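Coordinate analysis (summary)
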Amino acid sequence: MELITLTKENLAQEHICCAIAKNDDPQVCCKKQWLAQQMDAGLVFCKCAVRGKCFIEYLPAESAWAPIEAEGYMYIDCFWVSGSLKGKGYAKLLLQHCIEDSRAKGKKGLVVLSSKKKKPYLSDPAFLARQGFQTADTAPQDFVLLHLPLTADAAQPRFRAGAKTQTVPQQGFVLYYTAQCPFTAKYVPLAMQVAAKHQVPLQVVHLTTAQEAQNAPTPFTTYSLFYNGKLVTHEILSEKKLEKIFEEKSE
């Protein structure tokens with residue numbers, strides 16, 4: 001199976017395997033701009049040459065948009081093989097590419113955000129366990145930081161303290177988000193529209209740098225909804241799910 005690595009030179013014409021299906025969607029342009037910027041920080045986006053969502057995206061942990069301490073590691077920030085592409089060995093192929101590339105770059109290991117049981121938008125813990133990943137740290141709401149050491153001196157990664165508290169100072173509904181994968185440009189405005197429709201105050205906090213994300217109050221910086229200071233969910237919500245949460249919490 002041919003693997004394609006995105007570069008600044010081929011990024012414009014290549015599909016980014018995202019849930020955003022159409023290349024002419026304005027969100028795709030925004031996502032590609034973000035990818036190009038992160039390539040300067042060492043981000044690698046590698047995909048199988050097939051039609052569908054079949055890719056792995058990773059970058060040095062020091063530049064990751066995640067509140068972790070994992071010096072010398074490579075952080076997998078998105079790893080997705082979907083639908084009919086499952087069961088063909090593509091996930092193992094992509095992971096092996098990441099391992100070999102990380103070794104070539106002198107990395108101590110791989111680290112990835114997961115959960116105790118499979119959850120939306122998080123890498124599958126069962127698959128990763130079969131590939132040798134082990135638990136490095138845990139955080140409330142079943143978040144798990146998994147790692148795969150590649151050297152004997154690889155220190156165990158951990159969450160930053162703020163990510164474990166999962167609290168914010170603001171009251172009411174607060175939504176934290178970044179531009180990293182999976183892209184939420186469509187869903188943040190949706191949350192704002194639904195909140196306005198139901199007259200529910202909603203504060204939106206856009207983390208625009210890796211440093212801000214590394215100090216985030218949630219392990220999942222892509223999209224995390226808080227209410228009265230506490231994390232409600234990291235799931236990227238549809239209109240119906242938003243309405244249900246707004247109704248339940250506002251009663």
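It is worth spelling out the overall build of the protein at this point. Helices and strands together make up the secondary structure of the protein, namely seven helices and 13 strands. Whereas a compact globule of 251 residues would reach a radius of gyration of roughly 18 Å, the protein reaches 18 Å, a difference of no more than 12%. Dimensions of the protein, computed from C-alpha atoms along their principal axes, come out at roughly 55 × 40 × 35 Å. When each of the 251 residues of the protein is scored for burial, the buried share is 51%. When contacts within the protein are restricted to residue pairs at least 6 apart in sequence, long-range pairs at least 24 apart make up 65% of them. Carbon together with sulfur atoms contributes 50% to the accessible area of the protein, which is approximately 12,000 Å² in total. Across the protein, the mean location of the 29 positive side-chain charges is 5 Å away from that of the 24 negative side-chain charges.

Here we come to the nonpolar core. The biggest cluster of nonpolar side chains holds 59 residues, and the ones touching the most others in it are Ile68, Tyr75, Val111, Phe143, Phe159, Tyr223 and Leu242. Apart from residues lying up to four places away in sequence, Tyr75 is in contact with Glu57, Tyr58, Leu59, Pro60, Ala61, Ala64, Ala66, Ile68, Val111, Val112 and Leu113. Among the nonpolar cores identified, the runner-up in size contains 26 residues, and Leu85, Tyr90, Leu95 and Cys98 belong to it.

Where burial is concerned, most of strand S3 (residues 54-60) is hidden: seven out of the seven residues are buried. As paired strands, strand S2 (residues 44-48) and S3 are joined by four bridges and run antiparallel to one another. Residue pairing across strands places Lys47 opposite Phe55, the latter belonging to S3. Hairpin geometry of S2 and S3 is characterised by an intervening segment of five residues between the two adjacent antiparallel strands and by a positive phi of about 140 degrees at Gly52. Direction of pairing for S3 relative to strand S5 (residues 73-81): antiparallel, over a ladder of seven bridges. By the bridge assignment, Pro60 is partnered in S5 with Met74.

A rise of 1.5 Å per residue sets the reference length of helix H7 (residues 239-250), with its 12 residues, at 16 Å; its end C-alpha atoms lie 16 Å apart and thus fit the reference within 8%. For H7, the full list of buried residues reads Leu242, Ile245 and Phe246. Each buried residue of H7 lies within a common arc of 100 degrees when the element is viewed along its axis, so the set occupies one face. Away from its buried face, by an angle of more than 90 degrees, H7 presents the exposed residues Lys240, Lys244 and Glu247.

The rules behind each value
Residues numbered from 1 in each chain as written. Predicted model: local features only at pLDDT ≥ 70, side-chain atom pairs only at ≥ 80, totals over all residues. Heavy atoms only, no water. Helix = DSSP H or I, 4+ residues; strand = E, 2+ residues; numbered from the N terminus. Rg over C-alpha atoms; globule rule 2.2 N^0.38 Å. Buried < 20%, exposed > 50% of the residue type's maximum accessible area, 1.4 Å probe, protein only. Contact = heavy atoms within 4.5 Å. Areas by Shrake-Rupley, 256 points an atom, 1.4 Å probe, with all protein chains shown as cover. Lys, Arg positive; Asp, Glu negative; His and termini not counted. Charge placed at Lys NZ, Arg CZ, Asp CG, Glu CD. Core = buried A, V, L, I, M, F, W, Y, C linked by side-chain atoms within 4.5 Å. Pairing = 2+ DSSP bridges. Expected span 1.5 Å × (residues − 1). Arc of directions from axis to C-beta.

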